[in-house]
Amino acid sequence: MPLLEVMGVTKEFGGLTANWEVSFSLEENEAVGLIGPNGAGKTTLFNCIAGHFPVTSGRIIFNGRDITALKAHEVARLGLARTFQIFQAAGDLRVTENVMVGAFMRTASRREARSKAEAWLEFLEIGQAGQAMMTELPVAMQKRVALATALATEPKLLLLDEVAAGLNRSEIETIIPTLRRLHEEKGIALLLTEHVLEMVLALSHRVIVLESGRKIAEGHPEAVMKDPEVIRAYLGDHFIKRQREAQNA
Ligand SMILES: Nc1ncnc2c1ncn2[C@@H]1O[C@H](COP(=O)(O)OP(=O)(O)OP(=O)(O)O)[C@@H](O)[C@H]1O
Ligand SMILES: [Mg+2]
């Protein structure tokens with residue numbers, strides 16, 4: 001039984017169809033990349049899966065439960081966590097306290113929440129920042145805190161919405177192995193959207209491509225990146241035409 005099954009999900013905003021009959025599944029402990037150009041509907045699909053938006057039609061099954069109509073906190077309690085593309089730090093919290101907010105989903109004990117928060121901060125290699133105020137942190141650290149907060153809810157599946165956005169090259173290079181360890185050592189399944197394709201290719205067993213709300217390709221990362229339909233979606237018909245002309249020249 002797949003861990004997540006997205007079945008014909010359509011999401012409309014007024015006249016705009018942000019997701020159109022999108023179907024895919026994700027196995028336990030699998031890492032799947034969800035890619036596509038700006039506005040393809042990746043974040044919207046995350047919002048539908050995580051219970052932030054009601055779907056227009058379709059069904060979503062997580063860990064054997066129909067979660068289609070559930071609210072975000074109910075979905076999170078079942079073991080599905082997410083990070084946000086745009087992270088808003090709660091300015092008056094210290095790092096550890098911020099992560100404890102996640103841990104409180106599983107425990108009422110402050111002591112237990114604190115020790116869980118500290119363990120995740122250690123795992124993400126920012127243990128030394130526990131006492132810092134959220135707003136004092138550079139973006140890369142804030143992203144790791146957001147990740148720790150999601151992890152403290154003890155998810156079976158983590159949706160990562162552009163973790164690499166706003167990071168520089170060396171920060172991207174250091175977060176890739178951290179995410180891989182998360183997946184390999186902690187057994188957490190990942191669904192990640194990312195414009196940094198190098199990161200998607202490094203982490204994903206499988207890639208799904210959205211364009212204008214529709215799934216246009218799915219498969220092994222390298223095969224998908226060679227798919228002319230995917231190249232066209234990313235680079236436009238113009239690029240394909242030029243490439244053909246170059247090949248024929
Ligand atoms: N809350 C909303 N209300 C109305 N339209 C929305 C809303 N959220 C997203 N959209 C629209 O849905 C479409 C898909 O947007 P979405 O943010 O899901 O794309 P994306 O693939 O995440 O893009 P990006 O790569 O830029 O993050 C866009 O046309 C967007 O303007
Ligand atoms: Mg997005």
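Refer to the structure above for everything that follows.
Notes on the structure in this doc start here. (Residues numbered from 1 in each chain as written. Chains lettered and ligands numbered in written order. Predicted model: local features only at pLDDT ≥ 70, side-chain atom pairs only at ≥ 80, totals over all residues. Heavy atoms only, no water.)

A look at the sheet that holds strand β7 (residues 157-161)
The following threshold applies: For two strands to be treated as a pair, DSSP must find at least two bridges joining them. Working definition: helices are DSSP H or I runs of at least four residues, strands are E runs of at least two. Numbering for both runs from the N terminus. For helices, the fitted line uses only the C-alpha atoms of the stretch in contact; every axis is such a line through C-alpha atoms, and the angle between N-to-C directions lies from 0 to 180 degrees.
On the basis of which strands lie adjacent, the open sheet formed by six strands has the order β6-β7-β8-β3-β9-β10 and mixed pairing. In the strand order of this sheet, the two ends are held by β6 (80-82) and β10 (214-219), each with one partner. Neighbour to neighbour, the strand axes of the sheet diverge by 15 degrees on average, direction disregarded. Judged from the five bridges that link them, β7 and strand β8 (residues 189-193) form a sheet pairing that is parallel. By the bridge assignment for β8, L159 is matched with L191.

A short note on the site of ligand 1
Where we set the bar: When we say a residue is near a molecule or strand, we mean one of its heavy atoms is within 4 Å of it. Whenever a nitrogen or oxygen atom comes within 3.5 Å of another N or O atom, the pair is scored as a polar contact, on the condition that within protein one atom can donate a hydrogen and the other can accept it, and that pairs from neighbouring residues in sequence are kept only if both atoms are in side chains. Computed with a 1.4 Å probe, the accessible areas rest on the Shrake-Rupley method; for each residue, only the protein chains presented here act as cover.
Close to ligand 1 lie 15 residues, the nearest being N38, G39, K42, T44 and H195. One nitrogen or oxygen atom from the main chain of G39 is found 2.8 Å from an oxygen atom belonging to ligand 1. Take K42: an N or O atom from its side chain is 2.7 Å from an oxygen atom of ligand 1. Coverage of ligand 1 by the protein chains reaches 63% of its 640 Å² of free accessible surface. Elements with a minimum of two residues in the shell around ligand 1: β2 (16-26) and α1 (42-49). Ranked by residue count, the leading element in the shell around ligand 1 is α1, at three residues.

Observations concerning the pairing of β10
Note: strand β9 (residues 206-211) against β10, five bridges, orientation antiparallel. Counterpart to V209 in the pairing with β10 is A217. Linking β9 back to β10 in an antiparallel pair, the connection comprises two residues, with S212 at a positive phi of about 45 degrees.

Details of the packing of aromatic side chains
Applicable threshold: Under the pairing criterion, centres of Phe, Tyr and Trp rings, with the six-membered ring standing for Trp, must be within 6.5 Å; the plane angle then separates stacked pairs below 30 degrees from edge-to-face pairs above 60, leaving the rest tilted. Partly exposed describes any residue whose relative accessible area lies between the buried limit of under 20% and the exposed limit of over 50%, with all areas from a 1.4 Å probe on protein chains only and scaled to the type maximum. Two limits define a charge over a ring: the Lys NZ or Arg CZ must be within 6 Å of the ring centre, and within 35 degrees of the ring normal.
Applying the stated rule across the entire model yields two aromatic pairs. Taking the centre distance of 5.5 Å and the plane angle of 85 degrees together, the rings of F13 and F53 count as edge-to-face. Residue F13 is found in strand β1 (residues 4-13), and its partner F53 is found in the loop between α1 and β4 (57-62); the two are separated by 40 residues along the sequence. Assessed through its relative accessible area of 36%, F13 is described here as partly exposed. The class for F53 is partly exposed, based on a relative accessible area of 26%. Just above the ring of W120 sits the side chain of K186; from NZ or CZ to the centre is 5.2 Å.

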